[in-house]
Structure formats: C-alpha cells, structure tokens
Amino acid sequence: MKKIFSNYLFNIFLIFVIGAIVMYFSLSGNTEEVFAAFASIKIEYMIICILMVFFWQYSVGLVLTLFTRITHPKYRIRQGYINALVASFFHGITPSASGGQIAQFYVFKKQGVQTGEAGSVLWTEFIVYQTTMCILGLILIVLKFPIFYNEYSNLFIFVLIGFALNAFIIFMLYALAKFKKVHEWISTKGIDIAFKLHIIKDKQKTLDSINTQLNKFTYEAAHLKDHKKELVISVILCIIRLVIYYSIPFAIFVALGINPDFDLFLNCLAMGSFVSIASGLIPIPGASGGTEAIFIMMFSNLFDTTLVTTVMLIWRFLTYYLMIIVGSLCFLYVKMMKVEEC
C-alpha cells in the first residue's frame with residue numbers, strides 16, 4: 001500500500017513538474033502577448049466555460065447514477081457525481097488513465113454498493129461510452145477529413161491510430177461475444193501468434209483473462225437489452241458529455257473575443273476530439289506535455305499561435321489540473337466518511 005501511495009505521489013509531482021515546464025516554454029518569447037490575451041477574457045463567458053467543465057463531469061455522474069439505480073434505487077445523483085470526480089483524479093494521475101476504475105470500486109464500496117454490482121455498472125458505462133465515443137469520433141473524422149488530411153498530415157496517422165485502437169477494442173468485444181468463430185480463432189491461432197511474437201508470455205493466463213472479460217462484456221451487453229430506457233438516456237448523456245468536453249476550447253476562444261459561428265464551432269469540436277484521441281496514445285500520467293503540444297499543433301491552423309497558447313493554458317487547467325484538485329478533495333471526503341454516508 002505504501003508503494004502504491006508513493007507511486008501516486010511521484011506521479012502527481014511529475015505531472016506538476018511537466019506542467020511547469022510546459023508553461024515555461026509556452027510563455028517564453030511571447031509572455032506579454034499571452035498575458036495581454038488573458039487580460040481580454042470576458043468574465044461572463046469564462047464562467048460559462050467553468051460551468052461546462054463541471055457539467056461535463058456531472059454528466060458522467062448521471063450515467064453512473066442511472067445504472068446504479070437499477071439495483072440500488074436510492075442511490076443519489078450526488079454520490080454518482082462524487083464517484084465521477086474521484087475517477088477523474090485517478091485517471092489523471094495514473095499512466096494511460098488506468099487507475100480510475102479501481103478508485104471507483106473503492107468509492108462504490110464506501111457508498112454501500114457491492115463489488116459485483118459496481119463491476120456491472122462500470123462495465124455497462126464502459127460499453128456505452130466507448131461505443132458512443134467511437135461513433136462520434138468517426139462522424140467528426142468523416143466530416144472534417146479533407147481539411148484534416150490536407151492541413152494536419154503530420155498528426156493524421158496518430159489520430160487514426162488512436163481512433164483505430166479505441167474502435168478495435170469495442171469492435172473485438174462485440175465480435176467475440178457475437179461470433180463463435182472469431183472467439184475460437186482468438187482462443188487458438190490468435191494467442192499462438194501473439195505468443196510467438198512475444199506479445200504475451202503466458203498463453204493460458206491470457207486466455208483465462210480474455211474469457212473472463214468476455215463473459216462480463218457479454219452479460220452486461222445482454223443486460224442492457226432489458227433496460228432500454230436507461231440505455232437510450234445513457235447514450236444521450238454520453239453524447240452530451242463528449243460534445244461539452246470537445247466544445248470547451250471553442251468556448252474559451254469565444255471568452256477571449258473570437259466571434260462564434262457554426263462552421264468554426266464544428267472545426268473546434270473536431271479538433272477537440274482529435275486532441276483527445278491522439279493524446280490517448282501517450283502513456284504517461286495525464287499525457288502531460290504531449291497533450292499540450294498536440295493541442296497547439298491542432299488549433300494553430302485555425303487561430304493565431306499566441307491565442308492558441310493562451311487557450312491551451314486555460315483549457316488544460318480547467319479540464320485537467322482543476323479536476324485533479326477537485327477530485328482529490330472528493331477522494332479525501334470519501335476516505336473520511338463512513339460507509340453509505342458519502
């Protein structure tokens with residue numbers, strides 16, 4: 001436990017060190033221009049940006065609440081919101097956002113939800129979110145393909161790889177669950193090929209893990225058919241969640257004085273999606289450093305570099321560092337409270 005705690009502390013230290021380095025290099029050479037841009041912020045629009053960030057997390061909490069209430073009708077929206085904020089904290093401080101769901105199991109337990117039921121909720125939320133994210137990502141790539149291909153050729157491959165990995169995960173789970181031949185091939189030849197290529201070390205352990213995860217996925221996917229109302233609402237909430245998150249840069253640009261129009265909104269929405277997809281390939285906590293660089297490269301073809309740098313600093317603070325701070329406070333609150341009181 002001490003080792004895990006030490007790792008988390010080191011990750012947090014690393015995140016803020018990288019953040020300081022990013023800020024230093026972002027401000028070097030155009031410090032006065034960036035601070036001048038900061039000074040031009042329209043406060044009323046900035047408040048809207050902050051509200052968007054918290055509603056983005058609130059929509060995550062609503063989905064968790066929706067699925068938890070299937071077995072726990074008295075589960076409160078406030079509990080789901082706390083769970084979402086704690087998850088954002090651990091997603092942010094662990095490599096490849098790997099610690100969020102582990103933390104959510106802990107929070108669910110403190111809220112009186114048993115481990116098996118918590119696992120069911122998290123699997124269901126993963127299925128809906130991953131599917132919705134892939135479909136929305138595909139729509140945005142298709143809509144903005146000509147612009148993206150011509151103006152972002154250096155980043156094009158990374159966005160496609162990131163999208164392909166996300167889509168592959170959910171596609172393979174559906175394929176394994178629905179098509180027996182696919183499952184048989186993965187269980188035999190697929191694992192043999194991976195073993196020969198030294199991708200996996202223990203064939204039986206890998207097969208057992210695949211079967212365990214597949215059984216969970218199959219059960220939860222079938223379970224969703226019995227709760228069509230919750231499924232429809234959760235899909236709508238996931239769309240809202242993603243659109244809000246991808247729209248935050250656009251809202252910040254407007255707060256800095258950019259005149260909004262629908263085409264610009266769509267461009268920013270697509271760029272926000274592509275930044276999220278590409279930064280998902282960076283395995284360090286919070287994709288620190290890489291996310292900021294990708295953001296600047298993506299948006300620099302739409303706006304002046306100084307303005308993009310200013311927006312990136314505000315966007316990164318609101319969507320990442322602020323969520324780490326708020327999420328850590330929520331985690332401390334959960335730790336201090338007794339079971340079913342938080």
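Residues numbered from 1 in each chain as written. Predicted model: local features only at pLDDT ≥ 70, side-chain atom pairs only at ≥ 80, totals over all residues. Heavy atoms only, no water.

K.L.:
Any chance you could explain helix H11 (residues 228-255) here in plain terms?
P.N.:
An α-helical turn contains 3.6 residues, so a residue and the one three or four places further along point in the same direction. Under the 1.5 Å per step criterion, the end-to-end length of H11 is 39 Å for 28 residues, consistent within 8% with the ideal 40 Å. At Ile248, H11 shows its strongest bend, of approximately 40°, with the proline Pro249 following within four residues. Count one or two residues on from H11 and you reach Gly257, which has phi positive near 105°. (Helix = DSSP H or I, 4+ residues; strand = E, 2+ residues; numbered from the N terminus. Expected span 1.5 Å × (residues − 1). Bend = angle between axes of the 7 residues up to and from the residue.)

K.L.:
I tried to follow the pattern of salt bridges on my own but got confused; where do I start?
P.N.:
Close approach of charged atoms allows side chains of opposite charge to pair. Scanning the model with the defined rule gives two salt bridges in all. Residue Glu292 is joined to Arg316 by a salt bridge in which the shortest nitrogen-to-oxygen separation is 2.9 Å. A residue pair is termed long-range when its members are at least 10 positions apart, and Glu292 in helix H13 (residues 290-299) and Arg316 in helix H14 (residues 305-336) qualify at 24 residues. This pair shows no difference in class: Glu292 is buried, exactly as Arg316 is. (Salt bridge = Lys/Arg side-chain N within 4 Å of Asp/Glu carboxyl O. Buried < 20%, exposed > 50% of the residue type's maximum accessible area, 1.4 Å probe, protein only.)

K.L.:
In this structure, what is going on with the packing of helix H6 (residues 115-143) against helix H12 (residues 262-279)? I would like to understand it.
P.N.:
For any two helices packed against each other, the geometry is given by the interaxial angle and the distance between the axes. It is at 10 Å that the axes of H6 and H12 come closest, and there the two elements cross at 125°. With respect to H12, the element H6 is oriented oblique. The handedness of the crossing between H6 and H12 is left-handed. Mapping the contact onto sequence places Gly137, Leu140 and Ile141 in H6 and Leu269, Ala270, Ser273 and Phe274 in H12. A class-by-class count of the residues in the contact of H6 with H12 yields five nonpolar, two polar and no charged. (Axes fitted to C-alpha atoms, helices over the stretch in contact; angles between N-to-C directions. Parallel < 35°, antiparallel > 145°, perpendicular 65-115°, else oblique. Left-handed = near helix turned anticlockwise from the far one by under 90°. Contact = heavy atoms within 4.5 Å. Nonpolar A, V, L, I, M, F, W, Y, C, P; charged D, E, K, R; others polar.)

K.L.:
Looking at this structure, I do not really get the nonpolar core. What am I missing?
P.N.:
One recurring pattern in soluble globular proteins: nonpolar side chains tend to sit buried together. One finds Val86, Ile252, Met298 and Phe299 to be the most contacted residues of the largest nonpolar core, which totals 93 residues. By residue number, the principal contributor to this core is H14, which donates 17 residues. Apart from the residues lying within four places of it in its own chain, the contact partners of Ile252 are Cys49, Val311, Ile314, Trp315 and Leu318. (Core = buried A, V, L, I, M, F, W, Y, C linked by side-chain atoms within 4.5 Å.)

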